Amino acid sequence: MTREHLSPRLISWASILEENTRAQAVATSTLPFIYPHLALMPDAHLGKGATVGSVIPTLGAIIPAAVGVDIGCGMIAVRTQWTADEVRGRGSLATLRQAIEKAVPLSAGGVNARLTSTAAGRVATLEARADEAGFDPGADAPRWRLQLGSLGSGNHFIEVTVDEAGTVWLFLHSGSRGVGNRIAQRHIKVAADLCAKWWITLPDRDLAYLVEDTDEFWAYIRELRWAQDYALLNREEMMDRVVAAISEHMGEPVVEAERVNCHHNFTEQEKHFGKKVWVSRKGAIKAGVGDAGLIPGSMGTASYVVTGKGDPLSLNSSPHGAGRNHSRSAARRLFTHEQLREAMTGIEYRDTDAFIDEIPAAYKDIDQVMADAADLVELRHVLHQIVNVKGD
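Now for a description of the structure that goes with this document. (Residues numbered from 1 in each chain as written. Predicted model: local features only at pLDDT ≥ 70, side-chain atom pairs only at ≥ 80, totals over all residues. Heavy atoms only, no water.)

Things to note about unusual backbone geometry
In this structure, Pro 36 follows Tyr 35 across a cis peptide bond, with omega equal to -5 degrees. Mapped onto the elements, Pro 36 comes out in the loop between α1 (19-29) and β3 (38-45). Not every positive phi belongs to a glycine, and Trp 199 is a case in point at roughly 55 degrees. Tracing the chain through its elements places Trp 199 in the loop between α6 (177-197) and β9 (210-211). On the accessibility criterion, Trp 199 (78% relative accessible area) is exposed. A positive phi angle, close to 75 degrees, is found at Asp 213, a residue other than glycine. The residue Asp 213 is located in the loop between β9 and α7 (215-250) in this model. (Helix = DSSP H or I, 4+ residues; strand = E, 2+ residues; numbered from the N terminus. Buried < 20%, exposed > 50% of the residue type's maximum accessible area, 1.4 Å probe, protein only.)

Side note on the layout of surface pockets
What the largest pocket holds in volume is close to 1000 Å³. What lines the largest pocket is a set of 46 residues, and nearest its centre among them are His 45, Val 52, Asn 155, Arg 324 and Arg 328. For the lining of the largest pocket, the secondary-structure elements that each account for two or more residues are α1, β7 (157-162), α6 and β17 (377-390). With four residues, the top contributor of residues to the lining of the largest pocket is α6. Its volume calculated, the second largest pocket comes out at about 240 Å³. (1 Å grid on protein atoms, 1.4 Å probe; cavity = no way out; pocket = protein on both sides within 12 Å on 5 of 7 lines; lining within 4 Å. Points joined across faces, edges and corners; volume = space filled by probe spheres on them.)

Considerations on the sheet that holds strand β12 (residues 275-282)
Strands belonging to one sheet form pairs held by backbone hydrogen bonds; the direction of such a pair is parallel or antiparallel. Across the sheet, which stays open at both edges, the six strands sit in the order β1-β2-β3-β4-β12-β11 with mixed pairing between neighbours. The open sheet has two free edges, formed respectively by β1 (4-7) and β11 (265-272), since each of these has just one partner strand. Neighbour to neighbour, the strand axes of the sheet diverge by 25 degrees on average, direction disregarded. Note: β3 against strand β4 (residues 52-58), three bridges, orientation antiparallel. Residue His 45 lies in a different strand from β4, and its bridge partner there is Val 52. (Pairing = 2+ DSSP bridges. Axes fitted to C-alpha atoms, helices over the stretch in contact; angles between N-to-C directions.)

Encoded structure:
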């Protein structure tokens, strides 16, 4: 699809775009510190304050809600040495799924009973970084240490997938768990209170911002970076456990041919169109020239391993997934448990109506999203699931 200028400071790559999503993105693009423009990805859909699937570059300010409440949410993938036939030949895929479910706590409140040795090392790293940042994450989430290495619920998942050559990949989607959410909510409120105090008119209260070089701004940046580190290490910890589970299933260690770990809800300072800006990607991955990336579809469809092309107008970005077509409540009204079973034919998963709101039909067509993203990323591998693990 050819990109489209929707307003003077809004460029879209989305061929499927609801009117309320378009209006939300246009409103965000009118903020005076947006530079040079807001980039709307092919998977864009309505979000809290800022649109999910948007890339928001700001000069001298930052919008906490433009990062989202799951700071550092993203993907990790490992390419193994095995084929799908080899994995199936070593035993039941149901047994493998159950082993993964036992190794990784699932669901929104899931925590570990104790710290594993690898988790303890990662927690120590995060404790040191929190000390450097000058804050106590336990004040927001007392169980943050025990949540490291846990999945969460909603659209977070663990999958065993197979590429076009028949090679097995391990694929996982999660973020910064409860502690990242609490950090985000606290700073969103701080920004809203400050904008109200100074009588700043906003198109949406959730677009409240923090001004650079204030104490509140730098406190947010320090804690944001810590939460992004937490999310990355959380994915690493879970992936190590998934690797161990499939190694036991196969009776030999995984030989990792490749490991990719990337955020899709995050902020970094970057240079674009001659100026240093704070780039907040809310449901978008960094796709500079040569950047490795992961773009998941919905459960039951396909996911992609990609390399960035460095498109300057996209601010070196690409979509992060399929993007929702229907809200969770709407999906539960529209679809049935039997339709979910049909969509998951041939995939080993936990058969429950708790996942109806994650049915593939609740999401945009991932093939169309990837077609829209043709100028943004190069496709390296297409992955299809053989095992899916999710939390209620």
